[in-house]
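# Structure assessment
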Amino acid sequence: MIAETGAGQHGVATATLCAKLNLDCEVYMGAEDVERQALNVHRMKMLGAKVIPVTSGSQTLKDALNEALRDWVTNIQNTFYCIGTVAGPHPYPIMVRDFQAIIGQETKAQLKKYTKSDPDFLIACVGGGSNAMGLFYPYVNNKKVKFIGVEAAGSGIKTGKHAATLSAGSVGVLHGNKTYLLQDADGQIIPTHSISAGLDYPGVGPEHAFYKDTKRAEYVAVTDKDALKGIDLLSQTEGIIPALETAHAIGYLPKLCRGKGKNKIIVVNVSGRGDKDMHTLIGIQGLGNLGTK
């Protein structure tokens, strides 16, 4: 079994599965992500997986996916590729969407129990887009429920140092699917930047591209700075420390509430836990500044 991972969450899940089923497991991970997601790297190794740092390109999620695809097509007779997002060649976008749909199904069940009504807004961070698609898809035919996907604006879209594919990209082909990409005039992929390893991807799942084109979903972008504010907001109001990926969705929440969220039911998907990002946060903020409002 092979997999790619950015933040390491999918890598840990795949390694866990392989440990349970006694399968060999190799996980491709960008060398930069290996450094900033050291805790999840250690988890994968403890579970018996081989973590393979990818040193080509930007050394992030795109390059990990490149190497995993190369491995798969070279060793297709004895290898299964467990892809971690709603991108890649068919049928992976559909397979991952349907598996992740448990998120939206569980949301429906809980809201039925506690509020007896549908949500007004669903919000989730979007890199490749699997957690967002899992939340959105069970509501896709309910047009009263508005979808908001939150991308990584990094240092700001105008700076060029971002990973906001749907907000600032153009149509192209990458990793076997036609979608929105961050690319130059010749169709070459340009470097991306995000404080979060899981959102640092120059493409997005093709179904998200369809939602954008049909206006079924709205896609916005949140900077690294506002994502850090999102971590503090959730940590200090709910006692839940979110992953940097999730923090982008939380970072957008105050803006939504000030604008059109008054007296609305808003669901934000908390897609990852923040313990994996402590190493990164300490490096950025220092121990003395963590948690300041």
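Calculation rules
- Residues numbered from 1 in each chain as written.
- Predicted model: local features only at pLDDT ≥ 70, side-chain atom pairs only at ≥ 80, totals over all residues.
- Heavy atoms only, no water.
- 1 Å grid on protein atoms, 1.4 Å probe; cavity = no way out; pocket = protein on both sides within 12 Å on 5 of 7 lines; lining within 4 Å.
- Points joined across faces, edges and corners; volume = space filled by probe spheres on them.
- Helix = DSSP H or I, 4+ residues; strand = E, 2+ residues; numbered from the N terminus.
- Buried < 20%, exposed > 50% of the residue type's maximum accessible area, 1.4 Å probe, protein only.
- Pairing = 2+ DSSP bridges.
- Right-handed = clockwise from strand over helix to strand, strands pointing away.

Take the layout of surface pockets next. In this structure, the largest pocket occupies an estimated 620 Å³ of space. Lining the largest pocket are 29 residues, with Q9, H10, G84, Q100 and S130 sitting closest to its centre. When residues of the lining of the largest pocket are traced back to their parent elements, those giving at least two are β1 (2–5), α1 (9–21), α7 (130–136) and α11 (244–259). When residues in the lining of the largest pocket are grouped by element, the largest group, four residues, is from α1.

We now examine the pairing of strand β2 (residues 26–30). Burial within β2 is extensive, with four of its five residues counted as buried. As paired elements, β1 and β2 share four bridges and run parallel to each other. What sits directly across from E4, in β2, is Y28. In this fold, β1 hands off to α1, which returns the chain to β2; that crossover is right-handed. Bridge analysis of β2 against strand β3 (residues 50–54) gives five bridges, and the strand direction is parallel. Looking at β3, one finds that Y28 is bridged to I52.

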